[in-house]
Amino acid sequence: TNARVLDSCSGLGWGSHLLASVSRDVVGIDQDAASIALCTRQWERPHLHFRVGSVLELPFDDESFDVVLCMDSIEHFTRADGLQYLAELARVCRRGGHLFGSSAFPETRWGAERLCKGNPHHLYLYTREEMRTVLEASFGRARRVTRHYFQAVKA
């Protein structure tokens, strides 16, 4: 496709690498410099780039991506930082652009808290309804929130 894609919290970069085979330009960003160094060596493609940076203050212009990804990452932030993360993803996503993401989205707050207690790296899990609400606040339209995936279109 002709899409410019941002893979936020790209980790070891395999997702960015896969997307680069079907996208015009892919940027993976992660705060871990060692991971980004590994990605840069491991995944060489002319239109694949990796950057060290914070997803809470993305170093990109407004509306600079057609697609933004948030794969298994939002649960690693506090609720406040998760909202900031989504706001930054919305800021860099063009109008009509898409957000795709994944996490666990239990039905109840009790279920979300129980799952968080089972993993010290998961700071806050959104329920399905909470996720739908925050997506609509930051992107304008949540198209889908299932047990593990979400999609939004920026209005």
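Peer 1: How would you explain the overall build of the protein chain if you had to name every residue and give the values?
Peer 2: Helices and strands together make up the secondary structure of the protein chain, namely 5 helices and 7 strands. Tracing the protein chain from N to C terminus, the helices and strands come up as β-α-β-α-β-β-α-β-α-α-β-β. Its C-alpha atoms give the protein chain a radius of gyration of 15 Å, within 12% of the compact-globule value 15 Å for 155 residues. Each of the three principal axes of the protein chain carries a C-alpha extent, and together these read 45 × 35 × 25 Å. Split into buried and exposed, the 155 residues of the protein chain put 46% on the buried side. Intrachain contacts of the protein chain at a sequence separation of at least 6 include 58% that bridge at least 24 residues.

Peer 1: Residues and numbers for the packing of aromatic side chains, please.
Peer 2: Tallied over the entire structure, the rule returns 4 aromatic pairs. Between Phe105 and Phe150, the aromatic rings sit 5.6 Å apart at their centres with planes inclined by 75°, giving edge-to-face as the arrangement. Note that Phe105 is positioned in the loop between β5 (93-102) and α4 (109-117) and Phe150 in strand β7 (residues 149-154), a separation of 45 residues in sequence. Phe105 sits in the buried class, given a relative accessible area of 1%. On the basis of an interplanar angle of 80° and a centroid distance of 4.9 Å, the ring pair of Tyr124 and Tyr126 is categorised as edge-to-face. With respect to class, Tyr124 is no different from Tyr126; both count as buried.

Peer 1: Describe the sheet that holds β7, naming the residues involved and giving the relevant values.
Peer 2: With mixed pairing, 7 strands are arranged side by side in an open sheet as β3-β2-β1-β4-β5-β7-β6. With one partner strand each, in any of the chains shown, β3 (48-52) and β6 (140-145) form the two edges of the open sheet. Taken over all neighbouring pairs, the strand axes of this sheet differ in orientation by 20° on average, direction set aside. Inspection of the sheet shows β6 paired to β7 by 5 bridges, in the antiparallel sense. Across the sheet, residue Val145 finds its bridge partner in β7, namely Phe150.

Parameters at a glance
Residues numbered from 1 in each chain as written. Predicted model: local features only at pLDDT ≥ 70, side-chain atom pairs only at ≥ 80, totals over all residues. Heavy atoms only, no water. Helix = DSSP H or I, 4+ residues; strand = E, 2+ residues; numbered from the N terminus. Rg over C-alpha atoms; globule rule 2.2 N^0.38 Å. Buried < 20%, exposed > 50% of the residue type's maximum accessible area, 1.4 Å probe, protein only. Contact = heavy atoms within 4.5 Å. Phe/Tyr/Trp six-rings, centres within 6.5 Å; stacked < 30°, edge-to-face > 60°. Pairing = 2+ DSSP bridges. Axes fitted to C-alpha atoms, helices over the stretch in contact; angles between N-to-C directions.

Read these as spatial facts, not as claims about activity.
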